[in-house]
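Reading the structure
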Amino acid sequence: MNSNSEEKNQGNSRSLNFLESIIEEDIKNGKNKSRVHTRFPPEPNGYLHIGHAKSICLNFGLGEKYNGKTNLRFDDTNPTKEEDEYVHSIIEDVKWLGFDWEDRQYYASDYFGQLYEWAVKLIRKGKAYVEEQSAETISEQRGVPTRPGTESPYRNRPIEENLGLFERMRKGEFPDGSKVLRAKIDMASPNMHMRDPVMYRILHATHHRTGDDWCIYPMYDFAHGQSDYLEGITHSICTLEFEIHRPLYDWFLDNIIETEYRPRQIEFARLNLTYTVMSKRKLLELVKGNYVNGWDDPRMPTISGLRRRGYTPESIRNFADRIGVAKRDNTIDVGVLEFSVREHLNKIAPRVFAVLNPLKLIITNYPEGQVEELDIELNPEDETMGSRKVPFSREIYIERDDFMEDPPRKFFRLGPGREVRLKGAYFVKCENYKKDEAGNITEVYCTYDPETKSGSGSTRKVKGTLHWVSVDHAIDAEVRLYDRLFKTENPDTVDGEVDFKDNMNPDSLKTITGKIEPGIKGAKALDKFQFQRLGYFCVDPDTTEDKLVFNRTVPLRDSWAKKNK
RNA sequence: UGUCCUAUGGUGUAAAGGUAGCACAUCUGGUUUUGGUCCAGACGGUCUAGGUUCGAAUCCUUGUAGGACAACCA
């Protein structure tokens, strides 16, 4: 899986991203014995999304590239928000993306015992104290970024007293919120996180793994760096908003450990996508409010949503590689994601005929009752995929958009007197058509030219080629046509009182019934196809034995539609 | 009126003091039994002002702009 880095290093360029530069520098200097060990540390309080995929690809990618390792670690220090369901979904998603953490699946909760001992150690060193004021008071005393805070009256409590109180906190003698353990650092620091941050809080809550063993839980800042340390992590890669936490990350380690080895926190800019919201909170809101049908709704930017939509792990990994990584805020055009999935599906998806908006076409000079089994390639991009048989007969469906009563000259499809090729079959020429009282075209009448059968060597040319499905052989399927969930490029933008949900696209899902060639029978959930000339489609898990359901992953590029916009 | 981070085509991302390149998007043209794919080409960029240097996207200073930080969340 090193092909990407090899590609990058081709020629004489050594194009490294800033993370790789740092790592190579560290390796060169023999830092941490030149080891590289990363980790992906999700909190199990929601489903993973495409932004996490970037982080996963980064962390595991770096591990692979530098012959190191990557751990999966659940950052589960807050029992009130974390659930087992999320742990399972995260495991499934990371695996599906194609990464392997072997036996290195850890939990911050694995370290609760060690963390507790280290907290005691800091108390003994006079670097931590038990606070008894309310959260509100602590917050007030912390000050604001531009003004220093004031010291807590409990700040200089004797060590023995702190030890006793902390012990009793652990034993469950105090109610939630009545006390916290704070690090004694600097109430005047311009960095708010250094103003005696909370290390432990009392939470009489059942933890998804440790049950009721604990009623005090460490805060993120008191857990993350030490967890990294315990796992031998060398490069602890996280997003930009933790930049300001780094001094604290280092402070705890410096005051707890004596070894030369030390993990290093490095921050990168998180992914933003146009027409997409990416915060867990907002995604949760969409799910809970039934704006979408669950975390894996194909319109969601979650990994599970993308999977159900028909994205492949390869396409997501290529996407992550393509967008790069840096420290400046960025918004990627969602078109890049779509390009990535088309790129992969074009190579692997078998082609199939499906008519989504059917118009009946009758070939008047084709014998009634006759059926030809035509042999049609499965993928022009990959001959080894071979071909399939498609039945052809006197009455077929074509796409309504492929016929115009009064077409412009550049319209390469069917119209009165015009001739087109039916892909894999014959040329047909439109002789007539029928309309209902409302003026809708109901049937098109054509004649075919038997000399023009595909593969017969006929040299006649025609400009347009249409896909089609035999009326008698067509299989009905439910087809879910998805469009972007939001109609504005940046749904998060708060113009006045606008809620992000007000920016939702009311037409993000259209469900129709399509006519598909009979060979589609037996398709299994998540099987992917190109509906020729339309787009890439994927079998939805809602499919049953007698009802096929497809999701449109992404339409094909359509320069004709674009020109006519 | 604090600290920290960031600034390269429309959007991303390279160039480690020496030809500003690549991808997506956009536009042309070619091939094509998918108006797809593929191929070829075009358009378009170093935030400002100084300084160092033979030479600055890169180093220094200044300004400007954007972002982060004031949960007992992560």
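Structural data are supplied above this passage.
As a starting point, this report considers the structure included with it. (Residues numbered from 1 in each chain as written. Chains lettered and ligands numbered in written order. Predicted model: local features only at pLDDT ≥ 70, side-chain atom pairs only at ≥ 80, totals over all residues. Heavy atoms only, no water.)

**Some points on the pattern of salt bridges**
According to the stated counting rule, one finds 49 salt bridges in the structure shown. Put simply, Arg 262 and Asp 254 hold a salt bridge, and the shortest N to O gap is 2.3 Å. A residue is classified by how much of its surface remains accessible, and Arg 262, at 18% relative accessible area, is buried. Residue classification places Asp 254 among the partly exposed positions, given a relative accessible area of 45%. Note that Glu 395 is salt-bridged to Lys 360, the shortest N-O span being 3.5 Å. (Salt bridge = Lys/Arg side-chain N within 4 Å of Asp/Glu carboxyl O. Buried < 20%, exposed > 50% of the residue type's maximum accessible area, 1.4 Å probe, protein only.)

**Quick word on the side chain of Arg 155**
With respect to the helices and strands, the residue Arg 155 is situated in the loop between helix H6 (135-142) and helix H7 (159-171). Arg 155 gets classed as buried once you look at its relative accessible area, which sits at 8%. A polar side-chain atom of Arg 155 sits 3.5 Å from a polar atom in the side chain of Glu 151. With near-sequence residues (within four places) excluded, Arg 155 lies in contact with Tyr 129, Lys 184, Ile 185, Asp 186, Met 187 and Asp 196. (Helix = DSSP H or I, 4+ residues; strand = E, 2+ residues; numbered from the N terminus. Polar contact = N/O pair within 3.5 Å; in protein donor to acceptor, adjacent residues only side chain to side chain. Contact = heavy atoms within 4.5 Å.)

**A closer look at the pairing of strand S9 (residues 264-268)**
In terms of burial, S9 is a largely internal element, four of the five residues being buried. Across five bridges, strand S8 (residues 235-239) lies against S9 in parallel orientation. If you follow Cys 238 over to S9, its bridge partner there is Glu 267. At this point the chain moves from S8, through helix H9 (residues 246-256), to the parallel S9, and the crossover so formed is right-handed. (Pairing = 2+ DSSP bridges. Right-handed = clockwise from strand over helix to strand, strands pointing away.)

**As for the nonpolar core**
Membership of the largest hydrophobic core comes to 40 residues, with the highest contact counts inside it found for Phe 166, Leu 181, Met 199, Tyr 200, Ile 216, Phe 222 and Phe 252. Where this core is concerned, the elements lending two or more residues are helix H5 (112-124), strand S4 (128-131), H7, strand S5 (180-183), strand S6 (198-202), strand S7 (216-218), helix H8 (220-231) and H9. Ranked by the residues each element gives to this core, the list is headed by H5, at eight residues. Setting aside its immediate chain neighbours within four residues, Ile 216 contacts Tyr 116, Phe 166, Met 169, Arg 170, Tyr 200, Arg 201, Ile 202 and Leu 203. Core analysis: the next-biggest nonpolar cluster, separate from the first, contains 35 residues, Phe 60, Ile 91, Tyr 311 and Val 334 among them. (Core = buried A, V, L, I, M, F, W, Y, C linked by side-chain atoms within 4.5 Å.)

**Topic: the pairing of strand S17 (residues 427-435)**
Of the pairings in the sheet, the one linking strand S16 (residues 419-422) to S17 comprises three bridges and is antiparallel in character. When the bridges of S17 are listed, Val 420 appears paired with Val 428. The turn linking S16 back onto S17 is made up of four residues, and Gly 424 within it adopts a positive phi angle of 80°. In this structure, S17 lies alongside strand S18 (residues 441-449), joined through eight bridges in antiparallel fashion. Looking at S18, one finds that Lys 434 is bridged to Glu 443. The antiparallel hairpin formed by S17 and S18 contains five residues in its connecting segment, where Gly 439 sits at a positive phi of about 90°.

**Overview of the packing of aromatic side chains**
Taken as a whole and judged by the stated rule, the model has 28 aromatic pairs. Note on Phe 112 and Trp 214: the rings are 6.1 Å apart at their centroids and 75° apart in plane angle, and the pair reads as edge-to-face. Here Phe 112 is found in helix H5, whereas its partner Trp 214 is found in the loop between S6 and S7, with 102 residues between them in sequence. Taking the relative accessible area as the measure of exposure, Phe 112 reaches 2% and is therefore buried. (Phe/Tyr/Trp six-rings, centres within 6.5 Å; stacked < 30°, edge-to-face > 60°.)

**Some points on helix H13 (residues 334-348)**
Relative to the 21 Å expected for 15 residues at 1.5 Å per residue, H13 spans 22 Å between its end C-alpha atoms, a close match to the ideal helical length. Between the side-chain oxygen of the N-cap and the backbone nitrogen of Gly 335 there are 2.8 Å, and the N-cap of H13 in question is Asp 333. (Expected span 1.5 Å × (residues − 1).)

**Some points on unusual backbone geometry**
Positioned with a positive phi, Asn 290 is a non-glycine residue whose angle comes to about 55°. The backbone phi angle of Arg 533 is positive, close to 70°, even though this residue is not glycine. Residue position: Arg 533 is located in the loop between strand S23 (528-531) and strand S24 (535-539). Owing to a relative accessible area of 32%, Arg 533 belongs among the partly exposed residues under this scheme.

**Some words on the protein's contact with RNA strand B**
Close to RNA strand B lie 71 residues; Arg 328, Arg 351, Ser 454, Gln 530 and Lys 562 are nearest. Sugar and phosphate atoms form 60% of the subset of RNA strand B atoms that lie within 4 Å of the protein. Here a base nitrogen of RNA strand B sits 3.0 Å away from a polar atom, N or O, in the main chain of Lys 410. Secondary structure elements with two or more residues in the surface near RNA strand B: H6, S6, helix H12 (313-323), H13 and helix H14 (559-563). When its residues are assigned to classes, the surface near RNA strand B shows 25 nonpolar, 22 polar and 24 charged. (Near = heavy atom within 4 Å. Nonpolar A, V, L, I, M, F, W, Y, C, P; charged D, E, K, R; others polar.)

**What to know about the packing of helix H3 (residues 50-65) against H12**
The contact between H3 and H12 brings their axes to 9 Å, and the two run at 75°. Taken together, the axes of H3 and H12 are roughly perpendicular relative to one another. Between H3 and H12, the residues in contact are Ile 50, Ala 53, Lys 54 and Cys 57 and Ile 316, Arg 317, Phe 319, Ala 320 and Ile 323, respectively. The class makeup of the residues in the contact of H3 with H12 is seven nonpolar, no polar and two charged. (Axes fitted to C-alpha atoms, helices over the stretch in contact; angles between N-to-C directions. Parallel < 35°, antiparallel > 145°, perpendicular 65-115°, else oblique.)

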